[in-house]
Structures are given as C-alpha cells and as structure tokens.
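Here are the chains, one letter per residue:
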Amino acid sequence: MRLVVARCQVDYAGRLTAHLPMATRVLMLKADGSVLIHSDGGSYKPLNWMSPPCTLREGTADDGRAEWTVSSRGTAKGAEDTLRILIDEVLHDTSHELGIDPGLQKDGVERHLQELLAEHPGTLAPGLTLVRREFPTAIGPVDLMCRDAGGSSVAVEIKRRGEIDGVEQLTRYLELLNRDPLLTGNGPVRGIFAAQLIKPQARVLAEDRGIVCAVVDYDALRGLDDVEERLF
C-alpha cells in the first residue's frame, strides 16, 4: 500500500469526463492495482478511482511537474479509461506492506442468510442457480455468483440492512466482473441486492443502476432449512 499526500489536479476521461482542480489530496495505490483519490471530507468514498486491472505510469508533464497516468484496457463497452494526475507538490510519500487480510467476518445472521440463499437461490429470482459462494475478485469476494435461466451471470450481495454503501459495493463488483469475457458470454453480469430491510435511498440508487432489490424473509428461509432432513 502506497500513500501519497500531494497537491494535485485530476482529470478522468472514458465513458464520461470529470475534473478535480488543484488541491491537497490523498492518493492511495493498493497492491491489487487499484488507485483511489481521497479528500479530507466526503466520508469513506473516494473522489475518483480506477479499479484493477489497470496500469500506472509515472512521468513528467511539459512544465516539469510530476504526472501520473492510470489507464485500464478498453472493453466491448467502450474505449480505454484514463486518470491523469498532475502533481504540483508531494507532502508525504510512504509505502507499507499490509500482508494478507483475513477478510470481513460477517455477523451470525448475515452469514446464515448467505448460507440459506446459497441453498435456495430460486427465492431471489425464478430459475436462479448457484455457481459459487464467495466468488473471488481483485477487490474482494462476491457473496454469491449465480446463473439465471437464460445462462447469464448474476452477482448477489447480501446484507442484513440494505444501505447505500452496500449498493456502492455491488456496483464496484459489477464494474469489475463485466470486464471478464468468461462471465459476459451470455450478456452483461447483472446484480441482485438482497437484504432483510432495504432503505428507500438505497433502493432508488440500486434501481437507477439496473440492480434488482430483493427483500429477504429470514424466518421463511429458515423454515426451508429443515435441520431434521439434513444428513449431517
């Protein structure tokens, strides 16, 4: 993990364009290849970022200032995305080896929800079948990777309480998964956001991004999981 505090200007070009004028910010370069740009406000969400796989080139602009160019390869959906970071002054630059992270430990209810939905994915959508639990990606595991009746891949994110941060998390997964041609052979990877309770703001954001919301009845699912019928 490399952390750089610098006065910088950031320009993004790709499916849209965005500009951050010169200001002091934190540049975070993670071992998985992702690059995130943070300010001192705005809570946990970066001002801009580039998800892996991407490449970083450190060079010099025409006026002699340091210039970083972060780019991701183009896909069938569009051309290459580029993040250009013009650095006026570096105030701090340090690197740290964080090692292997054990991952988020879900609480009992959320973990059990994942187990139950893995056994009964059809309760989320008719014809849905499980491919794998904890499907690995470069930015963390997707709770469930499934396949719908038409053979298309469906990523499922499971929460006890569905809030905006959960929608953002699933959005990042979908952005990365849709770069994988092995998953998009039958169309783009769709998302299902499943929770016992979904906040109205989270539902609006999810539906705006084409993500299906599914309210899960934990007690009903537990009824489907009859311990007396288990072999072990």
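Our subject is the structure listed above.
Just so we're clear, the structure is a prediction, and the values are computed from it rather than from any experiment.

Conventions and cut-offs
- Residues numbered from 1 in each chain as written.
- Predicted model: local features only at pLDDT ≥ 70, side-chain atom pairs only at ≥ 80, totals over all residues.
- Heavy atoms only, no water.
- Helix = DSSP H or I, 4+ residues; strand = E, 2+ residues; numbered from the N terminus.
- Buried < 20%, exposed > 50% of the residue type's maximum accessible area, 1.4 Å probe, protein only.
- Contact = heavy atoms within 4.5 Å.
- Areas by Shrake-Rupley, 256 points an atom, 1.4 Å probe, with all protein chains shown as cover.
- Pairing = 2+ DSSP bridges.
- Axes fitted to C-alpha atoms, helices over the stretch in contact; angles between N-to-C directions.
- Parallel < 35°, antiparallel > 145°, perpendicular 65-115°, else oblique.
- Left-handed = near helix turned anticlockwise from the far one by under 90°.
- Nonpolar A, V, L, I, M, F, W, Y, C, P; charged D, E, K, R; others polar.
- Expected span 1.5 Å × (residues − 1).
- Arc of directions from axis to C-beta.
- Salt bridge = Lys/Arg side-chain N within 4 Å of Asp/Glu carboxyl O.

Asker: So, the overall build of the protein: which residues are in play, and what are the values?
Answerer: Secondary structure assignment for the protein yields four helices and 12 strands. Counting all 232 residues of the protein, 41% fall into the buried class. For the protein, the proportion of contacts with a sequence separation of at least 24, taken over those separated by at least 6, is 51%. Accessible surface, the protein as shown: approximately 13,000 Å² in total, 53% of it carbon and sulfur.

Asker: Which residues make up the sheet that holds strand β8 (residues 129–135), and what values go with them?
Answerer: Strand order in the open sheet made by the five strands is β8-β9-β10-β11-β12, with mixed pairing throughout. For this open sheet the edge positions go to β8 and β12 (212–215), each flanked by a neighbour on one side alone. The average undirected angle you get between the axes of adjacent strands in this sheet is 30°. Set on the sheet, helix α2 (residues 164–177) makes contact with β8, β9 (142–147), β10 (153–162) and β11 (190–198); between it and β10 the angle comes to about 165°.

Asker: Quick one: what's the story with the environment of P126, residue by residue and with numbers?
Answerer: Mapped onto the fold, P126 is located in the loop between α1 (108–119) and β8. The class of P126 is exposed, set by a relative accessible area of 79%. Along the backbone, P126 and D148 are 22 residues apart, and their C-alpha atoms lie at a distance of 8.0 Å.

Asker: I'd like a description of the packing of α2 against helix α3 (residues 200–208), backed by residues and values.
Answerer: At a minimum axis distance of 8 Å, the contact between α2 and α3 shows a crossing angle of 20°. Comparing the axis directions of α2 and α3 gives the class roughly parallel. α3 is crossed by α2, and the crossing has right-handed handedness. On the side of α2, the interface is formed by I164, V167 and E168, while α3 contributes Q201, A202, L205 and A206. Grouping the amino acids of the contact of α2 with α3 by side-chain chemistry returns five nonpolar, one polar and one charged.

Asker: Can you lay out α2 for me, pointing to particular residues and giving the numbers?
Answerer: In this model, α2 (14 residues) spans 20 Å end to end at C-alpha, consistent with the 20 Å of a helix rising 1.5 Å per residue. For α2, every residue scored as buried is listed here: G166, V167, E168, Q169, L170, Y173, L174, L176 and L177.

Asker: Which residues make up α3, and what values do they have?
Answerer: Within α3, the full set of buried residues consists of A202, L205 and A206. All buried residues of α3 project into a common sector of 100° when viewed along the axis, lining one side. For α3, the exposed residues lying more than 90 degrees away from the buried face are P200, V204 and D208.

Asker: So, the environment of F135: which residues are in play, and what are the values?
Answerer: Note that F135 resides in strand β8. Considering only alpha carbons, one finds F135 and C146, 11 residues apart in sequence, at a separation of 9.6 Å.

Asker: Hey, could you go over the pattern of salt bridges for me, with residue numbers and the actual values?
Answerer: Think of it this way: side chains of opposite charge can pair up when their charged atoms draw near. Taken as a whole, this structure holds 14 salt bridges when the rule is applied. Where R209 meets E168, a salt bridge forms, and the shortest distance between an N and an O atom there is 3.0 Å. Of this pair, R209 sits in the loop between α3 and β12 while E168 sits in helix α2, and the two are 41 residues apart along the sequence. Between R203 and E207 there is a salt bridge, with its nearest N and O atoms 3.7 Å apart. Remark: E207 and R203 occur in helix α3; sequence separation between them is four residues, near one turn of the helix. The exposure class assigned to R203 is partly exposed, which follows from its relative accessible area of 28%. Each member of the salt-bridge network shares a partner with another, and the members are R7, D63, R65 and D88.

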